[in-house]
Every structure is written in C-alpha cells, then in structure tokens.
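# Examining the three-dimensional arrangement
Here is how the chains run, residue by residue.
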Amino acid sequence: MNLSRRLTVLALALGSLAPFAAQAQDYPSRNVSIVVPFGAGGGVDITARLLAEKLRTTLGATVIVENKAGGSGMIGAQAVVKAAPDGHTLLLGSAGETAINAFVYKGRMQYNPAKDLLPVTLVVRIPNVLVVANKLPVKNVEELVTYAKKNPGRLSYSTSGVGNPQHLNGELLEELAGVHMVHIPYRGAAGQLVDVASGLVDMTFVSYTAAKSFLQSGKVKPIAVTSATRTPFAPDLPAIAEYKPLAKYQLENWFGLFAPAGTPDVVVQKLNAAVTAALKDPELARKLREQGGEPTPMSPQQFKDFIQKESVQFERIVTTAKIVAE
C-alpha cells in the first residue's frame, strides 16, 4: 500500500471515530436518571441517592433518582431496557433482576439481562446477616447446623420473597450443611424480622441495615454474615464459611450500575470513571458501609465477568432447589 493510500485509510478511520469522540465529549448533554426498580427507603434506593449526590460532581451533571417498583425489580429494569441507549437513563440494579430472576421467573421475564443491559460497574456488595430468635438454643453456625440435623424440617427461616438472594442464602445453607428447613417468604424485611423477634419464626437472612435496630435492641441474635469473610460493618461477626464444613459458603446481594444495550462504549467508560471516582470518596464509602455495603468498583468487563460467575451459582441453586415463581 503506497503512502497516499495509507493516509486515505487513516483519515477514514479517524473520521469514523469522530462521532464517538463527540459523544464522549458532549455526554452528558442533559439530566441523567438512575432508575431504582424498588420503592423509596430500601437499600437500593439509599445507595442510588448517595451515589447520585456524588455523581453530580464527578460526572458534572444533574443526576436524579426515579423509583419504578414492582415485579421483583423487573418493571424498573424493563423501563431502562426500553430507554434510549445514550447513557442518560441508567439502572441501579440488584442481583435479583439482573442475574437471578431469569432462572426464577422464566415465564414473566420480558427482557434478557445479559443481552439487553450493559454492565457499567459494580457499586457495592451487600452481605446478608443470619439472625436467629432469642429462644432458639444456638449461638453460632456449628450449633445451628447441629440443631437443624437433630430437628429435620422443624427449623424455619423467613425471607423477603421467593427466589431472591435471601432465599438462595437459605437454600445454599441447606445444601452445604445437608439439612432441611422450612422457607417462609414475606413481603418486605419488617415482617420477616418481627416474626423472628417474636419467636414465630426461628431465623432469617436479612440486610444489616434492615436488622440494625433489632440487633441494637437485642430482639434477635446475630449468628454470621453470608460473605466469604468478615465485613467492615460487623468485624466481630463471623462468616458462615468460618465453620469448616461450610467453607465454600458465600452468597451476597450486590448493586451495580447498568445502561441499555447499544450505549456507546465511550459513554460507558466515562460513566465507569465517574462512578469509580465517586466510590473512592472517603465520605461516600463511609456512608455506604454504614448501610452494610462494601464499595467495589470494577471495569465494565470485570463487572460482566463477575455477573457471569455469580449467575452460575445462582442458576445451580435455583435448579437444585426447584425454585419457581410465576
């Protein structure tokens, strides 16, 4: 190829990149909306509002939070899937509607998370806390497993719904410990905790934020966290995996930022950089840890790989336990 031809090819290549460069430079050109697929006041909502406040600086735009609750998070996620792929409408999604529901709600899913949503970055990992009723004669995981084995089918645990990370926490415990427990799904954390505090239900898996007041008042007993290791928000509380027969136990909820499929990569990268910078702010990190989360920014590819790995475990648990919610 002669010099003239090479220069022509180079000019064409640079010209084809110009629109994308312009998109990155101009973005954001208006308000950015973060859709929360749950109601106000919950963990995803609080995280979104804390993040939005900091993004107004790191992204240099007005960032608003919109709550679009319903359908186990799928209504809000679907709204983002249908939005223009320009980075101005985003989803702060949890593990449920972005990685679990596809296996649980096969007949109701109107979108494919892996194809219709672009991972921008993981924001926080949210371990659940395993708490038990005060009347239950156990004080650690080993004693809990021993009790469950001596009383098959008698131990009950509550969660905030069918097929969510809390439910999968219970199914994973049953699988690894070789025990049988009774799952009692509730609509929201309040009911599931109240009935454990009263002794109607033996135990529950729940977020630290939801359990905090119950723990501080001594209404329930904390046993362990569901992360692989101890957490900054409760460093004295052991992980379930510290009990050697359950060394493989790890299952957390997590919240991540997603954009509609088709969003230009330059916009995704700019969003990723803005969120990463926000999560490195000590004050924001402190506030997120107070909510029971651990800031964990990732590159878009790292987040995509993380979701794929998590989905393998989610699918296995759902399939093994035959969890179906239609």
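Preceding this section is the structure that the text describes.
Here's a quick rundown of the structure. None of the values given here were measured: they were computed from a predicted structure.

### Brief notes about the overall build of the protein
Helix and strand counts for the protein stand at 12 helices and 11 strands. In terms of overall size, the protein behaves like a compact globule, its C-alpha atoms giving a radius of gyration of 22 Å where 326 residues would be expected to give roughly 20 Å. Principal-axis analysis of the C-alpha atoms gives the protein an extent of 85 × 40 × 35 Å. Residue burial in the protein is summarised as follows: out of 326 residues, 51% are buried. Considering only contacts in the protein between residues 6 or more positions apart, those separated by 24 or more positions represent 77%.

### A look at the pairing of strand S5 (residues 128–133)
S5 sits mainly inside the fold: 6 of its 6 residues count as buried. Sheet analysis places S5 next to strand S8 (residues 203–207), joined by 5 bridges and oriented antiparallel. If you follow Val131 over to S8, its bridge partner there is Thr204.

### Focus: the sheet that holds strand S2 (residues 63–67)
In spatial order, the strands read S2-S1-S3-S10-S4-S11; together these 6 strands make up an open sheet with mixed pairing. Unpaired on one side and paired on the other, S2 and strand S11 (294–295) mark the two borders of the sheet. In this structure, strand S4 (residues 117–126) lies alongside S11, joined through 2 bridges in antiparallel fashion. Each bridged residue has a counterpart across the sheet, and for Arg125 the counterpart in S11 is Glu294. On the sheet, helix H2 (residues 43–58) packs against strand S1 (32–36), S2, strand S3 (89–94), S4 and strand S10 (253–260) and is oriented at approximately 165° with respect to S2. Across the sheet, helix H12 (residues 300–321) touches S4 and S10, and the angle it forms with S4 is around 70°.

### Focus: helix H6 (residues 141–150)
All of the buried residues along H6 are Val141, Leu144, Val145, Tyr147 and Ala148. Mapping the buried residues of H6 onto a view down its axis gives an arc of 160°, with all of them on the same face. In H6, the exposed residues that point more than 90 degrees away from the buried face are Lys149 and Lys150. Tucked inside the fold, the buried residues of H6 contact S5, helix H7 (165–177), S8 and strand S9 (220–225).

### A word on the pairing of strand S6 (residues 156–159)
On S6, burial covers both faces: Ser156 and Ser158 on one face and Tyr157 and Thr159 on the other are all buried. Of the strand pairs in this sheet, S6 and strand S7 (residues 182–185) are connected by 4 bridges, and their pairing is parallel. By the bridge assignment, Tyr157 is partnered in S7 with His183. With H7 bridging S6 and the parallel S7, this β-α-β connection has right-handed handedness.

Conventions we followed
Residues numbered from 1 in each chain as written. Predicted model: local features only at pLDDT ≥ 70, side-chain atom pairs only at ≥ 80, totals over all residues. Heavy atoms only, no water. Helix = DSSP H or I, 4+ residues; strand = E, 2+ residues; numbered from the N terminus. Rg over C-alpha atoms; globule rule 2.2 N^0.38 Å. Buried < 20%, exposed > 50% of the residue type's maximum accessible area, 1.4 Å probe, protein only. Contact = heavy atoms within 4.5 Å. Pairing = 2+ DSSP bridges. Axes fitted to C-alpha atoms, helices over the stretch in contact; angles between N-to-C directions. Arc of directions from axis to C-beta. Right-handed = clockwise from strand over helix to strand, strands pointing away.

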